[in-house]
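The lines below spell out each chain.
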Amino acid sequence: MKKLIIILLLISTTFVTNAQTPDTLQLSPKELFGESDDWNDVGILQSYVNFSKDVLSSSNLSVGIIGKQVSTTLNLGYNKSSMNGQWGHTFAASINPIWNYYGVGYGLSRNTDTRTTTIQSFYSTDFDFQKDITLSFIDVFRTKKWGTFGYSVIASKSFWGTYQGEWEGKYTVDENGDFKDLIYPQMPSSSEMSYRGMVMYTYTLKTKRVNISPQIFAMGDVYKVFKDGTSSDIGYLNDFNLDLYYGTSFDWKITKRFVLNTNIRYNTTFDKSSESVGYKKSNPIMFMIGTNFQF
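All residue numbers refer to position in the chain's written sequence, counted from 1. At least 70 in pLDDT is required for a residue's local features to be given in this predicted model, at least 80 for side-chain atom pairs to be given and counted, and no such filter applies to totals for whole chains, interfaces and linings, which use all residues. Side-chain metrics in this entry use all non-hydrogen atoms of the structure; hydrogen atoms and water are not considered.

Caption draft 1: Geometry of the packing of aromatic side chains. Between rings of Phe, Tyr and Trp, where Trp is taken as its six-membered ring, a pair exists when centres lie within 6.5 Å; planes separated by under 30 degrees are stacked, by over 60 edge-to-face, and by other angles tilted. Applying the stated criterion across every chain yields a total of eight aromatic pairs. Ring centres 5.2 Å apart and planes at 50° place the aromatic pair Phe 91 and Tyr 106 in the tilted group. With Phe 91 in strand β5 (residues 87-96) and Tyr 106 in strand β6 (residues 101-111), the pair connects residues that are 15 residues apart, well separated along the chain. We classify Phe 91 as partly exposed; its relative accessible area is 42%. Each helix is a run of H or I in the DSSP string that is no shorter than four residues. Each strand is a run of E no shorter than two, and both are numbered from the N terminus. Burial classification: accessible surface area is computed with a 1.4 Å probe over protein chains only, and a residue below 20% of its type maximum counts as buried, one above 50% as exposed, and the rest as partly exposed.

Below, the structure written as structure tokens:
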């Protein structure tokens, strides 16, 4: 309703003050600021989904609920170890038909009794607007008494195609000077390089039939480089931001060789800098189910 009122105000202003009105008009910076401020005071934030963090970071078959939307991701993996078990190769594929997002990846791991170190690469795309390439160094330490600790250093680059930008105050009128339509700028293709870190902890409670593992992951972006070929190119240190993923994993021992895994994971985001410019990350609730069969 408020948008309709703004448009009517533009029509009346144009009609009175412009006897010979050009086809395209531009609000002054002061007028545009006034209109934008009216909308910002409403407290509306545009939400977005971070695929590299949420949708493709789950395991096996997952169902993510974001508000009233449900997202299902199927993650397929194949692991091959050396004869002595010290080296491992992981091949992964992710399929998310609802979000139209797909990915493939490869990881190389070195294993000891108490530590696993992995170098991993992953490529994902929606075959239309966005593509992501992620490189990760993951180090996991296992202890008998205190559980499992880990950390990861991640470099992720996203590529976006052209898209319609925010309204900048331009609009068109007909030959009578009446309002006709808003004009939105077409934004150029762009890319963003993100460097982030992650720490994790899980502790496993073992029983005869099921292993229960509460888990928590904390992830934050440290440095970003944004490029679109214009004066907007910039590299900067991020203000404080944090993504918390927390939940519980259950390993159900169906037989000696077959284990059924179920997992529920929640997500909370702290990122005031993004909210200050009108964006808020969607926080999914993820339900996951998978299997581990030993040949």
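Caption draft 2: Up close: the pattern of salt bridges. Every case where a carboxyl oxygen of Asp or Glu lies within 4 Å of a side-chain nitrogen of Lys or Arg is listed as a salt bridge. In the structure shown here, the tally under the stated rule is four salt bridges. For Asp 221, the salt bridge identified is with Arg 196, shortest N-O distance 2.7 Å. Here the residue Asp 221 occupies a position in strand β16 (residues 210-227), and Arg 196 occupies one in strand β14 (residues 190-202), the gap between them amounting to 25 residues. What makes Asp 221 buried here is its relative accessible area of 8%. For Lys 224, the salt bridge identified is with Asp 221, shortest N-O distance 3.5 Å. The pair Lys 224 / Asp 221 is uniform in exposure class, with both members buried. One salt-bridge network, held together by shared partners, links Glu 192, Arg 196, Asp 221 and Lys 224.

Caption draft 3: Representation of the pairing of strand β18 (residues 242-253) within the structure. Any two strands between which DSSP finds at least two bridges are classified as paired. Of the pairings in the sheet, the one linking β16 to β18 comprises 10 bridges and is antiparallel in character. Note on β18: the bridge partner recorded for Asn 211 is Asp 251. In this structure, β18 lies alongside strand β19 (residues 258-270), joined through 12 bridges in antiparallel fashion. Bridge pairing links Tyr 245 to Asn 267 in β19.

Caption draft 4: Representation of the environment of Asp 243. By the secondary structure assignment, Asp 243 is in strand β18. In this structure Asp 243 comes out as buried when scored by relative accessible area, which is 3%. Sequence separation of Asp 243 and Gly 220 is 23 residues, and the distance between their C-alpha atoms is 6.2 Å. Within polar-contact distance, the side chain of Asp 243 engages the side chain of Asn 267 at 3.2 Å. What qualifies as a polar contact is a pair of N or O atoms within 3.5 Å, subject to a donor-acceptor requirement within protein and to the restriction that residues adjacent in sequence count only when both atoms come from side chains.

Caption draft 5: Quick peek at the side chain of Ser 109. Mapped onto the elements of the fold, Ser 109 is located in strand β6. Accessibility expressed as a relative area gives 10% for Ser 109, which makes it buried. For Ser 109, the side chain forms a polar contact with the side chain of Thr 118, separated by 2.7 Å.

Caption draft 6: How the structure looks around the nonpolar core. Ranked by size, the top nonpolar core spans six residues in total: Met 198, Met 200, Phe 217, Met 219, Tyr 245 and Met 286. For this core, the secondary structure elements donating two or more residues are β14 and β16. The definition of a nonpolar core used throughout is a set of buried Ala, Val, Leu, Ile, Met, Phe, Trp, Tyr and Cys residues joined through side-chain atoms within 4.5 Å. Core analysis: the second largest hydrophobic core is formed by five residues, Trp 167, Tyr 171, Phe 179 and Leu 182 among them.

The quantities given are spatial measurements derived from coordinates; they are silent on function.
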